[in-house]
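Summary of structural features
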Amino acid sequence: MKNSHDSRVFIVGGITYPPRLPFSASRAYPEAPYNEATPESPNPVYGGLRSLFYRAGLDSTHFDTPCWNPLGEFIRPGDKVLIKPNFVKHRYLPEVDIECLVTHPSLIRAVLDYVVIALKGKGRITVGDAPVQSADFGSLVEENGTAEVVRHVSQSSGMEVGLRDFRAAEREMLGNLPVGLKKREVERTAVSLDERSAHFDLKGMGRFCVTDYPPSTLQEHHNTKRHEYLIAGEILAADVVINIPKLKSHRKAGMTCCLKNAMGINVSKDWLPHHRRGSILSGGDEYLYPSLFKALRSSLLALRETSSNLTAKRLWQGLARMAKRMDRFNPGRRDPFTEGSWYGNDTLWRTILDINRVLFYADKDGVIRDEPQRRIIYVVDGVTIGEGEGPLNPTPRHLGVLMLGRNPVAVDACASGLIGFDPCKIPAIDKAFSTGDPPLAGFGKEDIEAIFGEKTVRPYLDLRQMVLTRARPPDSWAGHIELR
């Protein structure tokens, strides 16, 4: 695993989440950074991560000794290490199981321990993300246990572990009405891709949208002259980034894993093109066929976002809901798609690849270079995955796997196969092999190897051997993403 274009992906199965905070190892492993273990509380996640490191050959000569330092290949004493989980949102619907919504803190805990070993008391550790603007970050990290994990590791190791909300603004809500954005002071830098962007020369850039935000900011930062993103300062300053995504279905992208999880390094969602307004025939990708009611709804929602008057906001939102109902019961309705949440979305994959290119190649000042600027490792939480209407309203399904790799395209291709999705039908994965410069995948599709213990599978040569379960895709992707 010497470089970011390593196409190998390591997988362990049979994993379940441990039941008890702070998710310490259930055995006193020789390399343990502090003297604690909870044999009465099994922790398959900790043991699974340890097994992944061993199978990947990380510091193999010292395995099972006090000197074992598997992350020493990537992390040096004094480094700034950024751990990037998937903190999309706190639990906001009673029927949504938070275990299929966000990265489980037991995996964050295990990763933190091995980071502590590698740093040897010198350096900086940060756990951070930019969840959706309406998320309650404090409630999220307290409810799912991440805050307690961070406190425990800080106290036990003597190294301060930062827990950061990267968002430049929080959505203010009045009931279910978005009424404004509360600005937050966070370090951030505008990073320009311009002609290197996957959006460059795209027709219909004037139609860029992101749901629940006024389009004016998008047009300012994505147009015929520029394509730029607002990136968290701690990401750009990091020497090492450990990306820990939750494997889920996604209504706009088909699937979210390593590639999509990188979107959380951007601090302001209104810098992220998600779809283009209108139907395919009119130059958009919001929905398939022209629809008066859908166009009206989009315009009304834009008015809601640009209005500063609370009464007017309520009026525009009420009318937008009426337009949605009228379209739903319209006898001439030809497709059910809205807001770019369907298999024809031709915008979001471009944004996803742009953000990953920034993560790989932007230096500490935000300038895109030709060589990778930081060391990146990917550890996937595929224990309880989210199927159906992810990423915000997924249904839990036990898969029981952890994954490890150096390249997000290779890892995502393998992850899609595990859940019965075809990576050739997921735009962000498929287009990564042919879109943009510098490259995200410095290898061919047939070079990817999924390594399960003693078994090695090349997913693009025989994807059927990868399938562990047949996850349910979002309704708007059904019949267009599954492996046949």
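Everything below is about the structure printed above this text.
A few points on the structure. Fair warning: this is a prediction, and the values are worked out from it, not measured in the lab.

Bringing the overall build of the chain into the picture now. Tallying secondary structure elements over the chain gives 12 helices and 17 strands in all. For 484 residues, the compact-globule formula gives about 23 Å, and the C-alpha radius of gyration of the chain, at 22 Å, lands near that figure. Structurally, the chain occupies a C-alpha span of about 65 × 45 × 45 Å along its principal axes. Split into buried and exposed, the 484 residues of the chain put 60% on the buried side.

According to the stated counting rule, one finds 33 salt bridges in the structure shown. Where R109 meets D113, a salt bridge forms, and the shortest distance between an N and an O atom there is 3.0 Å. With R109 and D113 both in helix α2 (residues 105-119) and 4 residues apart, the pair spans about one turn of that helix. Here R109 matches D113 in class, with each residue buried. Two residues, R350 and D346, come together in a salt bridge whose shortest N-O distance is 3.0 Å. Judged by its relative accessible area of 13%, R350 is buried. Through salt bridges with shared partners, a single ionic network connects D165, R167, E170 and R184.

So, on to helix α9 (residues 310-328). Under the 1.5 Å per step criterion, the end-to-end length of α9 is 27 Å for 19 residues, consistent within 8% with the ideal 27 Å. Those residues of α9 lying buried are A312, K313, Q317, A320, A323 and D327. Looking straight down α9, one finds that the buried residues subtend no more than 130° of arc, so they occupy a single side. As for α9, its buried residues are in contact with β6 (177-183) and α8 (292-306). The backbone nitrogen of T311 has a side-chain oxygen 2.9 Å away, supplied by the residue at the start of α9, namely N309.

Grouped burial of nonpolar side chains is what soluble globular proteins tend to show. Among the nonpolar cores identified, the biggest contains 75 residues, and I11, I231, L247, M403 and M466 are the most heavily contacted of them. Sort the elements by how many residues they give to this core and helix α10 (residues 348-361) lands first, with 9 residues. If sequence neighbours within four positions are ignored, I11 has contacts with L52, R55, V401, L402, M403, L418, A450, I451, F452, G453 and M466. With 54 residues, the next largest nonpolar core counts L107, I125, F137 and V161 among its residues.

Let us look at the state of the cysteines. A full pass over the atoms with the stated rule returns 0 disulfides. C100 forms no disulfide, and the closest cysteine sulfur to it belongs to C257, at a distance of 15 Å. Free cysteine: C258, not disulfide-bonded; nearest cysteine sulfur from C257 at 4.1 Å. Classification of C258 as buried rests on a relative accessible area of 0%.

What follows deals with the environment of T61. Turning to its location among the elements, T61 is positioned in the loop between α1 (44-55) and β2 (80-85). Look at T61 and you get exposed, because its relative accessible area is 68%. A polar contact of 3.5 Å, which involves the side chain of T61, links it to the side chain of H62.

In this model, L21 is joined to P22 through a cis peptide bond whose omega is 5°. Locating P22 in the fold gives a position in the loop between β1 (8-12) and α1. Geometrically, the link from D437 to P438 is a cis peptide bond, its omega value of 0° lying close to zero. Within the secondary structure, P438 is located in the loop between α12 (427-431) and β16 (449-452). The backbone of K120 shows a phi angle near 55°, a positive value even though the residue is not glycine. Along the chain, K120 falls in the loop between α2 and β3 (124-129).

Let's shift gears to the packing of α2 against helix α4 (residues 146-157). The angle between the axes and the distance between the axes are what describe a pair of packed helices. The geometry of α2 relative to α4 is characterised by a closest axis approach of 9 Å and an angle of 20° between their N-to-C directions. Relative to α4, α2 is oriented roughly parallel. The handedness of the crossing between α2 and α4 comes out as right-handed. Taking contact as the criterion, the partners of P105, I108, R109, L112, D113 and V116 in α2 are, on α4, T146, V149, H152, V153 and S157.

All right, on to the side chain of H227 then. Note that H227 resides in the loop between α5 (216-221) and β9 (228-232). Classification of H227 as buried rests on a relative accessible area of 0%. Within polar-contact distance, the side chain of H227 engages the side chain of H222 at 3.2 Å. Residue contacts for H227: discarding those within four places in its chain leaves V191, S192, L193, D194, S197, H199, F200, M205, F208, H221 and H222.

Thresholds applied
- Residues numbered from 1 in each chain as written.
- Predicted model: local features only at pLDDT ≥ 70, side-chain atom pairs only at ≥ 80, totals over all residues.
- Heavy atoms only, no water.
- Helix = DSSP H or I, 4+ residues; strand = E, 2+ residues; numbered from the N terminus.
- Rg over C-alpha atoms; globule rule 2.2 N^0.38 Å.
- Buried < 20%, exposed > 50% of the residue type's maximum accessible area, 1.4 Å probe, protein only.
- Salt bridge = Lys/Arg side-chain N within 4 Å of Asp/Glu carboxyl O.
- Expected span 1.5 Å × (residues − 1).
- Arc of directions from axis to C-beta.
- Contact = heavy atoms within 4.5 Å.
- Polar contact = N/O pair within 3.5 Å; in protein donor to acceptor, adjacent residues only side chain to side chain.
- Core = buried A, V, L, I, M, F, W, Y, C linked by side-chain atoms within 4.5 Å.
- Disulfide = S-S within 2.5 Å.
- Axes fitted to C-alpha atoms, helices over the stretch in contact; angles between N-to-C directions.
- Parallel < 35°, antiparallel > 145°, perpendicular 65-115°, else oblique.
- Left-handed = near helix turned anticlockwise from the far one by under 90°.

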